[in-house]
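The chain contents come next:
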Amino acid sequence: MVESLFFLLLLQLLGEAAVHILALPIPSAVLGMLLLWFWLLTGLPVPKKLETLVRGILNYLTLLFIPAAVGIIEHKQRIVSDGWWLLLVLVFSTLLGIAAAAWVMRWLEKHDAHAAPSGTEGAQ
(Lines give C-alpha, C1' and ligand atoms only; values in the text may rest on other atoms or scores of the structure.)
Protein backbone atom coordinates (compact mmCIF):
# COMPACT_ATOMS: atom_id res chain seq x y z
CA MET A 1 0.00 0.00 0.00
CA VAL A 2 2.82 2.41 0.89
CA GLU A 3 4.55 1.58 -2.39
CA SER A 4 1.41 2.49 -4.35
CA LEU A 5 0.94 5.74 -2.46
CA PHE A 6 4.60 6.61 -3.03
CA PHE A 7 4.13 5.91 -6.75
CA LEU A 8 1.15 8.29 -7.00
CA LEU A 9 2.88 10.98 -4.94
CA LEU A 10 6.02 10.66 -7.08
CA LEU A 11 3.98 11.28 -10.23
CA GLN A 12 2.34 14.26 -8.49
CA LEU A 13 5.79 15.59 -7.57
CA LEU A 14 7.02 15.19 -11.14
CA GLY A 15 3.96 17.07 -12.36
CA GLU A 16 4.58 19.83 -9.80
CA ALA A 17 8.23 20.10 -10.81
CA ALA A 18 7.42 20.20 -14.53
CA VAL A 19 4.78 22.91 -14.05
CA HIS A 20 7.18 24.96 -11.94
CA ILE A 21 10.25 24.55 -14.16
CA LEU A 22 8.48 24.90 -17.52
CA ALA A 23 5.93 27.49 -16.30
CA LEU A 24 3.08 25.43 -17.77
CA PRO A 25 -0.42 26.92 -17.52
CA ILE A 26 -2.04 23.71 -16.22
CA PRO A 27 -2.50 22.42 -12.68
CA SER A 28 0.22 20.08 -11.50
CA ALA A 29 -2.38 17.51 -10.42
CA VAL A 30 -3.63 17.30 -14.01
CA LEU A 31 -0.10 16.84 -15.28
CA GLY A 32 0.49 14.14 -12.65
CA MET A 33 -2.63 12.30 -13.84
CA LEU A 34 -1.44 12.59 -17.44
CA LEU A 35 1.90 11.12 -16.40
CA LEU A 36 0.06 8.22 -14.74
CA TRP A 37 -2.05 7.73 -17.86
CA PHE A 38 1.03 7.64 -20.12
CA TRP A 39 2.71 5.25 -17.69
CA LEU A 40 -0.27 2.90 -17.85
CA LEU A 41 -0.47 3.19 -21.66
CA THR A 42 3.16 2.16 -22.09
CA GLY A 43 2.66 -1.05 -20.14
CA LEU A 44 5.47 -0.28 -17.70
CA PRO A 45 5.19 -2.13 -14.37
CA VAL A 46 3.04 -0.50 -11.70
CA PRO A 47 2.80 -1.32 -8.00
CA LYS A 48 0.67 -4.42 -7.44
CA LYS A 49 -1.58 -2.81 -4.85
CA LEU A 50 -2.27 0.34 -6.90
CA GLU A 51 -5.80 -0.75 -7.78
CA THR A 52 -6.62 -1.38 -4.12
CA LEU A 53 -5.28 2.03 -3.14
CA VAL A 54 -7.17 3.81 -5.91
CA ARG A 55 -10.44 2.08 -5.01
CA GLY A 56 -9.95 3.16 -1.40
CA ILE A 57 -9.35 6.76 -2.46
CA LEU A 58 -12.44 6.71 -4.69
CA ASN A 59 -14.56 5.61 -1.73
CA TYR A 60 -13.85 8.98 -0.12
CA LEU A 61 -14.12 11.11 -3.27
CA THR A 62 -17.27 12.83 -2.00
CA LEU A 63 -15.19 14.49 0.73
CA LEU A 64 -13.65 16.65 -1.99
CA PHE A 65 -17.02 18.38 -2.46
CA ILE A 66 -16.93 19.77 1.08
CA PRO A 67 -14.71 22.76 0.19
CA ALA A 68 -17.12 23.71 -2.61
CA ALA A 69 -20.07 23.51 -0.24
CA VAL A 70 -18.23 25.65 2.32
CA GLY A 71 -17.47 28.18 -0.41
CA ILE A 72 -21.16 28.38 -1.27
CA ILE A 73 -22.04 28.90 2.39
CA GLU A 74 -19.32 31.53 2.82
CA HIS A 75 -20.49 33.49 -0.23
CA LYS A 76 -24.21 33.07 0.42
CA GLN A 77 -24.88 36.82 0.48
CA ARG A 78 -23.17 37.35 -2.87
CA ILE A 79 -25.04 34.41 -4.38
CA VAL A 80 -28.32 35.88 -3.13
CA SER A 81 -27.54 39.35 -4.52
CA ASP A 82 -25.97 38.26 -7.84
CA GLY A 83 -27.68 34.88 -8.20
CA TRP A 84 -29.61 35.71 -11.36
CA TRP A 85 -26.47 36.93 -13.12
CA LEU A 86 -24.59 33.83 -12.03
CA LEU A 87 -27.39 31.60 -13.28
CA LEU A 88 -27.55 33.50 -16.59
CA VAL A 89 -23.79 33.17 -17.09
CA LEU A 90 -23.88 29.46 -16.24
CA VAL A 91 -26.72 28.77 -18.67
CA PHE A 92 -25.18 30.88 -21.44
CA SER A 93 -21.72 29.33 -21.06
CA THR A 94 -23.23 25.83 -21.05
CA LEU A 95 -25.20 26.52 -24.23
CA LEU A 96 -22.13 28.08 -25.81
CA GLY A 97 -20.08 24.98 -24.93
CA ILE A 98 -22.73 22.68 -26.39
CA ALA A 99 -22.91 24.77 -29.57
CA ALA A 100 -19.12 24.77 -29.92
CA ALA A 101 -18.98 21.00 -29.46
CA ALA A 102 -21.72 20.54 -32.08
CA TRP A 103 -19.92 22.82 -34.52
CA VAL A 104 -16.63 20.93 -34.03
CA MET A 105 -18.44 17.60 -34.45
CA ARG A 106 -20.01 18.70 -37.72
CA TRP A 107 -16.67 20.04 -38.95
CA LEU A 108 -14.97 16.75 -38.08
CA GLU A 109 -17.70 14.72 -39.79
CA LYS A 110 -17.43 16.84 -42.93
CA HIS A 111 -13.64 16.64 -42.82
CA ASP A 112 -13.77 12.86 -42.30
CA ALA A 113 -16.21 12.44 -45.22
CA HIS A 114 -13.82 14.26 -47.55
CA ALA A 115 -10.82 12.26 -46.33
CA ALA A 116 -12.42 8.81 -46.76
CA PRO A 117 -11.87 7.15 -50.14
CA SER A 118 -15.00 6.59 -52.19
CA GLY A 119 -16.79 3.34 -51.62
CA THR A 120 -15.59 2.92 -48.05
CA GLU A 121 -18.03 5.27 -46.34
CA GLY A 122 -20.38 3.43 -44.02
CA ALA A 123 -18.48 0.14 -44.41
CA GLN A 124 -17.03 -1.22 -41.21
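One numbering rule holds for all chains: residues counted from 1, following each sequence as written. Totals for whole chains, interfaces and linings use all residues, but because this is a predicted model, local features are given only for residues with pLDDT of at least 70 and pairs of side-chain atoms are given and counted only at 80 or more. Side-chain descriptors were evaluated using all non-hydrogen atoms of the structure, hydrogens and water having been removed beforehand.

S.K.: I'd like a description of the pattern of salt bridges, backed by residues and values.
M.R.: A carboxyl oxygen of Asp or Glu within 4 Å of a side-chain nitrogen of Lys or Arg is what we treat as a salt bridge. Taken as a whole and judged by the stated rule, the model has two salt bridges. For Glu51, the salt bridge goes to Arg55, with nearest N and O atoms at 2.8 Å. In this pair, Glu51 and Arg55 both sit in helix 3 (residues 50–59), four residues apart, roughly one turn of the helix. Ionic pairing is found between Arg78 and Asp82, a salt bridge with its closest N-O pair at 3.6 Å. Highlighted residues: Arg78 and Asp82, both in helix 5 (residues 76–115), separated by four residues, approximately one helical turn. Judged by relative accessible area, which is 58%, Arg78 ranks as exposed. Numbering of helices and strands runs from the N terminus; a helix is a DSSP stretch of H or I covering at least four residues, while a strand is a stretch of E covering at least two. Any residue under 20% of the maximum accessible area for its type is buried, any over 50% is exposed, and the rest in between are partly exposed; the area is computed with a 1.4 Å probe on protein chains only.

S.K.: Talk me through the packing of aromatic side chains; I want residue IDs and the actual numbers.
M.R.: Whether two aromatic rings pair depends on their centres lying within 6.5 Å, for rings of Phe, Tyr and Trp, where Trp uses its six-membered ring; planes under 30 degrees apart make the pair stacked, over 60 edge-to-face, and the rest tilted. For the structure on display, the rule yields two aromatic pairs. Taking 5.3 Å as the distance between ring centres and 70° as the angle between the ring planes, the aromatic pair formed by Phe7 and Trp39 counts as edge-to-face. In this pair, Phe7 is assigned in helix 1 (residues 2–22) and Trp39 in helix 2 (residues 28–42), connecting sequence segments 32 residues apart. Exposure remark for Phe7: the relative accessible area of 10% places this residue in the buried category. Classification of Trp39 by relative accessible area gives partly exposed; the value is 29%. Ring centres of Trp37 and Phe38 lie 5.1 Å apart, and the angle between their planes is 45°; this geometry places the pair in the tilted category.

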